[in-house]
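Each chain, letter by letter, is given below.
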Amino acid sequence: VSEIKFVGKLVYPNVQSALKQFKVREITGDDDEVENETEDDVVNETIKQRKLVKLVVVATPDWKAAVALAGPISNLVSVVLFIIVFRIISPLLAPDNLLITFLLGLIQVNLVLGIFNFIPIPPLDGSKVLFTLLPSTWDDFKTKLTGYGLWILIALIILGNFGGFDVFGTIINFFLGIVSSFL
């Protein structure tokens with residue numbers, strides 16, 4: 001279970017929503033450690049004094065998956081927006097115009113980043129999504145894949161460049177072909 005540190009002034013609405021989302025592990029305020037406080041004590045104390053409060057919270061698996069998906073999804077949303085802009089301005093400009101070239105580059109870069117980050121090999125975001133979907137009986141697999149994930153990624157990249165076994169190129173070219181049909 002990973003921990004996330006949150007530091008900030010917490011006022012009544014934020015405290016309640018934070019306590020609903022996260023399990024409170026430790027509370028400190030004004031550099032004094034407070035041990036074994038209940039959630040109600042934290043809410044009441046924070047509402048009364050409006051101190052600077054530091055909460056160490058435990059992230060839920062759903063929350064981790066949502067954060068992991070945010071980056072790749074933002075890349076894919078960017079691709080859609082850039083395609084819309086491209087479709088609007090391309091009839092107005094010459095094909096070799098710098099703006100057209102720049103938009104095509106933005107579409108390609110965002111698509112490659114989005115698809116690459118969805119690959120379920122640690123440390124990529126796709127692995128975090130995969131790990132939230134796998135049951136706890138797969139924890140040994142998750143640990144081993146996390147330990148060797150970067151090496152697997154490097155090996156696949158090297159094999160793609162020198163061994164003719166281009167997994168990433170095949171995946172990315174497939175999606176580039178789909179996107180090019182909309183241009």
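Refer to the structure above for everything that follows.
Residues numbered from 1 in each chain as written. Predicted model: local features only at pLDDT ≥ 70, side-chain atom pairs only at ≥ 80, totals over all residues. Heavy atoms only, no water.

Student: Sorry, what's going on with the pattern of salt bridges here?
Tutor: Between side chains of opposite charge, a pair can form as their charged atoms come close. Scanning the entire structure with this criterion turns up 1 salt bridge. Here Lys142 and Asp139 are joined by a salt bridge, their closest N and O atoms 3.4 Å apart. Residue Lys142 and its partner Asp139 are located together in helix 6 (residues 139-163), separated by 3 residues, close to a single helical turn. By relative accessible area, Asp139 is classed as partly exposed at 36%. (Salt bridge = Lys/Arg side-chain N within 4 Å of Asp/Glu carboxyl O. Helix = DSSP H or I, 4+ residues; strand = E, 2+ residues; numbered from the N terminus. Buried < 20%, exposed > 50% of the residue type's maximum accessible area, 1.4 Å probe, protein only.)

Student: Would you explain the nonpolar core in this entry?
Tutor: One recurring pattern in soluble globular proteins is that nonpolar side chains are buried together. Counting 11 residues, the largest nonpolar core is built from Val79, Ile83, Phe86, Ile89, Ile100, Leu103, Ile107, Leu111, Ile115, Ile172 and Val179. Only helix 3 (61-89), helix 4 (98-118) and helix 7 (167-180) provide two or more residues apiece to this core. In terms of residue count, helix 4 provides more of this core than any other element does, 5 residues in total. The contact partners of Val79, leaving out residues within four places of it in the chain, are Ile107, Asn110, Leu111 and Val179. Counting 6 residues, the second largest nonpolar core, distinct from the first, contains Ile119, Leu124, Leu156 and Phe168. (Core = buried A, V, L, I, M, F, W, Y, C linked by side-chain atoms within 4.5 Å. Contact = heavy atoms within 4.5 Å.)

Student: So what exactly am I meant to see when it comes to helix 4 here?
Tutor: An α-helical segment advances 3.6 residues per turn. Residues three or four places apart therefore align on the same side. Across its 21 residues, helix 4 extends 30 Å between first and last C-alpha, which sits within 8% of the 30 Å expected from 1.5 Å per residue. Considered for burial, the residues of helix 4 that qualify are Ile100, Leu103, Ile107, Asn110, Leu111, Gly114, Ile115 and Asn117. Projected down its long axis, helix 4 shows its buried positions confined to an angular sector of 165°, all on one face. Set apart from the buried face of helix 4 by more than 90 degrees, the exposed residues are Leu98 and Phe102. With a side-chain oxygen positioned 2.7 Å from the backbone nitrogen of Leu99, the residue opening helix 4 is Asn97. (Expected span 1.5 Å × (residues − 1). Arc of directions from axis to C-beta. Polar contact = N/O pair within 3.5 Å; in protein donor to acceptor, adjacent residues only side chain to side chain.)

None of this, on its own, says anything about what the molecule does.
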